[in-house]
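Residue-level listing of the chains:
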Amino acid sequence: MKTFTLIFASLFLFTLTLPAQNNALITGRVVDDKGLPIEFANILLLKPSDSTLIKGNVSDSLGQYSFEKVSAGSYLISATMIGLQAAYSEVFEFSPSRTSFKLPILTINQSAVELDQVVVKGQKPFMEIKNDRLVMNVESSPVAAGNNALEVLAKAPGISLDQDNRISLKGKQGVLVMIDGKNTYMSTEEVVRMLENMPANSIESIEIIHNPSSKYDAAGNAGIINIKLKKDKNLGLNGSINLSVGMGNFPKRNGSMILNYRDKKFNLFGSYSYWYNKRFQDLDIFREIPFEGDITFFDQLNHQVNETNSHRFRAGADYFISKKTTIGVLFNGRTGTWDQNSVNTTMITGDNSAPYNEVQAGSDGGDHWDNYTYNFNIKHQFDEKGKELTFDADYSSFKRGAENDYFNLFFNESGEEVISPNILRSDNFSGVTIKALKLDYTHPFSKGARLEAGLKSSFVSTDNNILFQTLEENIWIDDSNLSNQFLYEENIHAAYVNFSTQIKKVNLQLGLRTEMTDAEGYSVTLQEQFMRDYFSLFPSMSISHGLGEHHQLSYSYSRRINRPTYQDLNPFVYFLDQFTFGRGNTNLGPEFANTLGINYAFKGRYMINLSYSSTTDAIQEVLEQDDENKVTFQTYKNLARLQNYSITLSAPVNFAKWWNTRVNFSGFLNQINSPFSNEAINKDQTSFFLNVTNNFNLPGDIRAQVSGFYQSKLIWGIFDLEPRWSLDFGFSKKIFKGKGSLRLNVTDIFNKNQTYVNVNQGTMNLNIANIRESRRANLTMTYNFGNNEVKPARRRRTATEEEQNRVKSGN
């Protein structure tokens, strides 16, 4: 490893001295409605998000124009002539790796218009297709207002949720969720809880990256979801305020505020959001457990009410030492409480040797958490061509405490309590600290070639301590069978190199990432220790080229990893209810996925994606059943192989000037083949996900949106999920002279976005109905204030990214 690092560092220092050039050229032509060239037309290169002017030019005597030295990104061309109607190009994606980029001809209508009628409006579409990702512009959706981030994410093409709201992409688990390009360093369950407590009003857009390059952490074998939070884009002092109220079975409320100040030397920014949500969950589980020719039936009904109060805050500063060098600091915090009360009744019939046939159980308690991340960063630009060096240092702390009381009462058919109640309480503390360093270097060459390289090291320590006590004769006694302390340390050292260039009309990208992992876990309670270290290579490649003026084709390959969460490695058994327990698995190893993809785009608006993925040692949630004692254990195991074949289609449809639609379809085939509990899992299921979003521009400057999705039957490990669907609608209107907006929406109008699950594996036969509060009405008001000319704060990816996705502390 030392030899590799030395070679890599030498290459790194050598590239600092190489020259950089960018000769990419955008060209086009403007004519009148008779096809004649227009001279001296004003040609503007704009950002489509807010019509910000990037560059300007005028057309020559042939109507031709050009723009040089343009950075990669999405752009819009406007062509204007005094007294004539303006013409606008479609939004297009530009990459400097292409030596030339020719736009379709723009036609300016000769009909005269009043000057004050020519207004550039930059309304983003709800869905955008870019070279390597799909983008959902959440702030453009009336339906999103008042919802949480998880509910908005569920509307994205190819995204589906299982019975516990865990995220999959095109039927595959192992999605890496990032916030503003920074990993959340949380477990799957913790990411779900975080997204449930994040107001959609604070989100600008959601990016879905199916095959990331080697620059990204290798974690996330199904792909990456990057959630970009809103940042004000104005000069001087400015900001925005969001207030939202909602009603389902219980009231909801949330709010947020963003502030930004920028001058020649400083950029100060901060945000705060509050989320309150009270909701219910009804869980119905029916189990059949056979043993020695007889069958015992368990019918379990659980009603739970959860109440969440969550606060998120963010503050940072950039100091511009010079035009080329910027240093910055960033602080992210999240704190809150989660309270729950549940009542559970289990009826036992069939073969039952116990003196009771009814168990009444319940729990009451809650969590409180404090999660903080500190970041120091520096960025130096060597020239205007894109040659730059960035450095990040991160420290993250996650602390969670939870106190819960449990009771189990046992009754016979006459309603008499026949044995002593089982009464317990627990006190749980979880702590995680993460330290990380990251260095990234970018070096452009001539003709659009680019080299990216970087190093990263992360150091993680966790402490999970839970104490159970049992009430015996009114005295609380420590229960050593349920109490547990687990310590875990993990160090990961990574290096990557990524090279992109253009050979004639073909764009090529090659990348390689290496990661060395050293891990050690220790159960203090069981006095069991395990150690694990492994070295992995993660190559990536993409090739893209045009097929004529409007057609684009690309091919990609990547190898990625998904590591177990820290809690899933904890070997101890933890209590869920009288008949259901969970336990970790010290033998749980990482899963590796190889993914191939083909993408086709027409005019940058219509997209077809084909992909194949093969995952070895796939990490899957499973159930194990003790037929004799009639007990079920939930845990995670590595299954031998999971194969995924998928197709994704995305297309806009314009029915009228005031009505446009985006249709997204994802179809996939999942195949699982693995030995399991002295048997074998051999399952396959073809599934599809359809999402249709309709946007309407109504009189009175009112925008409306009607969206719906349908998810067919799919498999998730040993679980079979039944179909579900939802229909939402919303309205929005500008107020306060365009500085504010008012949005009203209703989600899941027909209350059909519910989860029904079946398990039929070996001797296990379960049916689960998980009913959540999904139908709600929300009213949201947004107000923007301050100067409208300030540049946005820099978006930064910190060093602590992949690790946070595996933390189970916090909510």
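Residues numbered from 1 in each chain as written. Predicted model: local features only at pLDDT ≥ 70, side-chain atom pairs only at ≥ 80, totals over all residues. Heavy atoms only, no water.

Draft legend 1. Inspection of the pairing of strand 14 (residues 175-179) at higher detail. Within strand 14, 5 of the 5 residues are buried, which leaves the element mostly enclosed by the surrounding structure. On strand 14, burial covers both faces: V175, V177 and I179 on one face and L176 and M178 on the other are all buried. Here strand 14 pairs with strand 17 (residues 223-229) via 5 bridges, running parallel. Each bridged residue has a counterpart across the sheet, and for M178 the counterpart in strand 17 is N226. (Buried < 20%, exposed > 50% of the residue type's maximum accessible area, 1.4 Å probe, protein only. Helix = DSSP H or I, 4+ residues; strand = E, 2+ residues; numbered from the N terminus. Pairing = 2+ DSSP bridges.)

Draft legend 2. Summary view of the packing of aromatic side chains. Taken as a whole and judged by the stated rule, the model has 32 aromatic pairs. The rings of F313, F331, Y372, Y374 and Y395 are connected pair by pair, giving a single aromatic cluster. When the ring centre of F382 is taken as origin, the NZ or CZ atom of K387, which lies over that ring, is 5.3 Å away. Over the ring of F633 we find R583, and its NZ or CZ is 4.0 Å from the ring centre. (Phe/Tyr/Trp six-rings, centres within 6.5 Å; stacked < 30°, edge-to-face > 60°. Lys NZ or Arg CZ within 6 Å of the ring centre and 35° of its normal.)

Draft legend 3. Geometry of the environment of Y441. Inspection of the secondary structure assignment puts Y441 in strand 25 (residues 422-444). Between the alpha carbons of Y441 and L451 there is a distance of 8.1 Å; along the sequence they are 10 residues apart. Within the local environment of Y441, its side chain forms a polar contact with the side chain of H443, the two groups lying 2.5 Å apart. (Polar contact = N/O pair within 3.5 Å; in protein donor to acceptor, adjacent residues only side chain to side chain.)

Draft legend 4. Region of interest: the pattern of salt bridges. Enumeration over the complete set of coordinates arrives at 11 salt bridges. Across the pair R513 and E515 runs a salt bridge, and its minimum N-O distance is 2.9 Å. Residue E515 is classed as buried on the basis of its relative accessible area, which comes to 3%. For the salt bridge of K683 with D720, the shortest nitrogen-to-oxygen distance reads 2.8 Å. Linking K683 in strand 38 (residues 679-698) with D720 in strand 41 (residues 719-721), this pair joins segments that are 37 residues apart in sequence. K683 sits in the buried class, given a relative accessible area of 15%. (Salt bridge = Lys/Arg side-chain N within 4 Å of Asp/Glu carboxyl O.)

Draft legend 5. Region of interest: the environment of P539. In this fold, P539 is placed in strand 30 (residues 528-546). Considered as a pair, P539 and R559 are 20 residues apart in the sequence and their alpha carbons are 5.9 Å apart. Other than its neighbours up to four places away in sequence, P539 contacts G511, L512, Y557, S558 and R559. (Contact = heavy atoms within 4.5 Å.)

Draft legend 6. The arrangement of the nonpolar core in detail. Membership of the largest hydrophobic core comes to 28 residues, with the highest contact counts inside it found for I159, I167, L195, I203, I206, I225 and I227. Counting residues per element, the ones that place at least two in this core are strand 11 (134-136), helix 2 (149-153), strand 12 (159-161), strand 13 (167-169), strand 14, helix 3 (188-196), strand 16 (203-209) and strand 17. (Core = buried A, V, L, I, M, F, W, Y, C linked by side-chain atoms within 4.5 Å.)

Draft legend 7. Structural context of a nonpolar patch on the surface. Taken together, the side chains of L237, I241, L243, M257, L259, Y261, F266, L268, Y319 and I321 define a hydrophobic patch exposed on the protein surface, amounting to about 850 Å² of accessible area. Counting residues per element, the ones that place at least two in the nonpolar patch are strand 18 (236-247), strand 19 (251-262) and strand 20 (266-291). For I321, the position within the fold is in the loop between strand 21 (294-320) and strand 22 (325-350). Residue I321 is classed as partly exposed on the basis of its relative accessible area of 41%. (Patch = residues over 30% accessible without salt bridge, like charges linked within 9 Å, V, L, I, M, F, W, Y side chains within 5 Å. Areas by Shrake-Rupley, 256 points an atom, 1.4 Å probe, with all protein chains shown as cover.)

Just geometry here; none of it tells us what the structure is for.
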